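So you can see what is in the structure, the chains are spelled out below.
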Amino acid sequence: MPVSRRGFLTAASVGVGAAVASSVRIPLAGANPLATGSLGAAQDFLQSVPAGSGMIQPNGPLGYVGVTFPDAQEVLGRIRFAFPDGSLGDWLPLEAMDSAPDGGSKNASELISAPDEAVSYEVDAPKGAEATVFDDGRGTTRNYSLGSVGLAGLPVIPREAWGAGDVSGNNWGPAAFHPAQAITIHHTAMQPGHDRPAAVRAIYNYHANTMGWGDVGYHLLIDPEGRIYQGRGGTVAGTPVFQVPPVAGVAPPVVTAGHVGGYNNGNIGISLLGDFTGAPPTPAAVGATIDCVRALSGYIGLNPHQGITYRNPQGGGARNMPAVSGHRDWGGTACPGNAFYPQMQFIRDHAAQGWIPSGVSSAAVGS
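The structure displayed is predicted, hence computed values, not measured ones. (Residues numbered from 1 in each chain as written. Predicted model: local features only at pLDDT ≥ 70, side-chain atom pairs only at ≥ 80, totals over all residues. Heavy atoms only, no water.)

## A few points about the nonpolar core
Core analysis: the biggest nonpolar cluster contains 38 residues, and Leu220, Ile270 and Leu296 have the highest contact counts within it. Breaking this core down by element, the ones donating at least two residues are strand 10 (149-151), strand 11 (154-156), strand 13 (182-187), strand 14 (220-222), strand 17 (267-272), helix 3 (283-300), strand 18 (307-311) and helix 4 (344-352). Ranked by the residues each element gives to this core, the list is headed by helix 3, at 9 residues. In this structure, Ala108, Leu111, Trp162 and Val200 belong to the second largest nonpolar core, which totals 23 residues. (Core = buried A, V, L, I, M, F, W, Y, C linked by side-chain atoms within 4.5 Å. Buried < 20%, exposed > 50% of the residue type's maximum accessible area, 1.4 Å probe, protein only. Helix = DSSP H or I, 4+ residues; strand = E, 2+ residues; numbered from the N terminus.)

Here's what the structure looks like:
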């Protein structure tokens, strides 16, 4: 279907950049001064521009762009970027976002990562679409004190460290908690910039504010260096994923996120930063994914090799699924990418090595 009318869209943001250096298997502790400056609060400003305005230069660094559409419009259009020498990049198609809360969502593209050095952008889309620009901190220097919180023995960068905002006005309503049934793996379908926490922050702001979800749609996010970030909030402070800190042998319910529309209750969403349509994730990111799946499976008593019958506790139907799946297993999407999806069995196999439900002895498992 061709683009019927052309609209040129813009937005400016005052965002924050971030950086963190560690290994996923080494806890982060104390200050980590990598540059000068300080962590600030992110804000996003949306401004529509009349059709025919041409190439738009935002009032700040150009990091990521997301395009939303009126509810009746499908995601349709393209985007390109311009550079300081006046050259133009190729037109890139807008890809439809495939993550959503169970209650549904407005139509929107996945976030598009601006190329390095890009200074302006142009969106060709039907009238009524709006674009939001998120600053990824390019050209700035920051200082971070990124601590970690524990998750089944893994260090996780907490929300306050990467710069999540206030979710007191969460549009999902009061946090809902349900027993864990499944783990689903995604990709963000965008390449992160050099500032990885800024990419997490852009996703958060896009989901929470632009999309109106009130929070980020994933429980955990993993960057190319294998660092794990706490996603969805609503839990006790410092507790990723679970309602309260889990203890051996007792797995509390998980907070409901928004990553597989219609199947979010009791479904833990892990998303890797990147677009793995043509190339797979880094070994560090895959290793961190295995670590997360193994640790979470142990706490919730879920064998990564088994199949399950998923039942939505809020009136949904039942589905037979792998305990650990890629998003596309639920249908309607290519996520987590053609180059990553074939590794799902590899992840299950390695997560299952040494897998023991928390609080259960190896002798009991083998009996």
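## Looking at helix 4
Those residues of helix 4 that fall on the buried side of the exposure criterion are Met344, Ile347, Arg348, Ala351 and Ala352. All buried residues of helix 4 fall inside an arc of 120 degrees around its axis, so they share one side. Summarising the contacts, the buried residues of helix 4 are in contact with strand 13, helix 3, strand 19 (318-322) and strand 20 (324-326). In the segment just after helix 4, Gly354 is the residue with positive phi, at about 75 degrees. (Arc of directions from axis to C-beta. Contact = heavy atoms within 4.5 Å.)

## Side note on the layout of surface pockets
Of the voids in this model, the largest pocket is the one considered here, and its volume is about 530 Å³. Residue lining of the largest pocket: 24 residues in total, with Pro93, Glu95, Glu110, Ala189 and Asp275 positioned closest to the centre. Of all the elements in the fold, those that place two or more residues in the lining of the largest pocket are strand 5 (92-93) and strand 7 (112-113). Tallied by class, residues from the lining of the largest pocket come to 13 nonpolar, 7 polar and 4 charged. (1 Å grid on protein atoms, 1.4 Å probe; cavity = no way out; pocket = protein on both sides within 12 Å on 5 of 7 lines; lining within 4 Å. Points joined across faces, edges and corners; volume = space filled by probe spheres on them. Nonpolar A, V, L, I, M, F, W, Y, C, P; charged D, E, K, R; others polar.)

## Details of unusual backbone geometry
Between Cys335 and Pro336 the backbone carries a cis peptide bond, its omega angle lying at 10 degrees. Checked against the element boundaries, Pro336 lands in the loop between strand 20 and helix 4. Not every positive phi belongs to a glycine, and Glu117 is a case in point at roughly 75 degrees. Summarising the element assignment, Glu117 is placed in the loop between strand 7 and strand 8 (120-124). Backbone geometry places Val241, a non-glycine residue, at a positive phi of 70 degrees. Its location among the elements puts Val241 in the loop between strand 15 (228-230) and strand 16 (254-255).

## Here we look at empty space enclosed by the protein
Applying the stated rule across the entire model yields 3 cavities of 30 Å³ or more. Lining the largest cavity are Met97, Glu110, Leu111, Thr188, Met190, Ile203, Tyr206, His207 and Tyr218. The residue inventory of the lining of the largest cavity, partitioned by class, reads 6 nonpolar, 2 polar and 1 charged.

## Details of the packing of helix 3 against helix 4
Running from N to C, helix 3 and helix 4 cross one another at 55 degrees; their axes reach a closest spacing of 9 Å. One way to sum up the angle between helix 3 and helix 4 is to call them oblique. Crossing of helix 3 against helix 4: the hand is right-handed. Residues Val286, Thr289, Ile290, Val293 and Arg294 of helix 3 form the contact with helix 4, whose own contacting residues are Phe346, Ile347, His350 and Ala351. Considering only residue class, the contact of helix 3 with helix 4 consists of 6 nonpolar, 2 polar and 1 charged. (Axes fitted to C-alpha atoms, helices over the stretch in contact; angles between N-to-C directions. Parallel < 35°, antiparallel > 145°, perpendicular 65-115°, else oblique. Left-handed = near helix turned anticlockwise from the far one by under 90°.)

## Brief notes about the pairing of strand 3 (residues 64-69)
Successive side chains on a regular strand alternate, one facing one side of the sheet and the next facing the other. The buried fraction of strand 3 is high, at 6 of 6 residues. Covered by surrounding structure in strand 3 are Tyr64, Gly66 and Thr68 together with Val65, Val67 and Phe69, the residues of both alternating faces. Two elements, strand 3 and strand 7, share 2 bridges in a ladder whose sense is antiparallel. Counted as the bridge partner of Val65 is Ile112 from strand 7. Relative to strand 9 (residues 130-134), strand 3 is paired through 5 bridges, and the arrangement is antiparallel. Note on strand 9: the bridge partner recorded for Val67 is Ala131. Bridge analysis of strand 3 against strand 6 (residues 107-108) gives 2 bridges, and the strand direction is antiparallel. From the neighbouring strand, Thr68 faces strand 6, where its bridge partner is Ala108. (Pairing = 2+ DSSP bridges.)

## Topic: the sheet that holds strand 8
Within the open sheet, the 3 strands sit side by side as 5-4-8. Their pairing is antiparallel. Looking at the sheet topology across the chains shown, the edges are occupied by strand 5 and strand 8. Looking at chain direction, strand 4 (residues 78-82) and strand 8 are connected through 5 bridges and run antiparallel. For Ala82, the partnering residue across the bridge sits in strand 8 and is Ser120.

## Quick notes on the pattern of salt bridges
Tallied over the entire structure, the rule returns 8 salt bridges. A salt bridge links Arg78 to Asp124, with the nearest nitrogen and oxygen atoms 2.9 Å apart. Highlighted residues: Arg78 in strand 4 and Asp124 in strand 8, separated in sequence by 46 residues. Judged by relative accessible area, which is 7%, Asp124 ranks as buried. (Salt bridge = Lys/Arg side-chain N within 4 Å of Asp/Glu carboxyl O.)

## Quick look at the sheet that holds strand 14
Taken together, the 5 strands give an open sheet; going across it, the order is 15-14-17-13-20, and neighbouring strands pair in mixed fashion. Each end of this open sheet is capped by a strand with a single partner; those strands are strand 15 and strand 20. Direction aside, the axes of adjacent strands within the sheet are offset by 25 degrees on average. The sheet contact formed by strand 14 and strand 17 spans 3 bridges and is parallel. Across the sheet, the residue bridging to Leu221 is Ser271, located in strand 17. Sitting on the sheet, helix 4 is in contact with strand 13 and strand 20, with an inclination near 160 degrees to strand 20.

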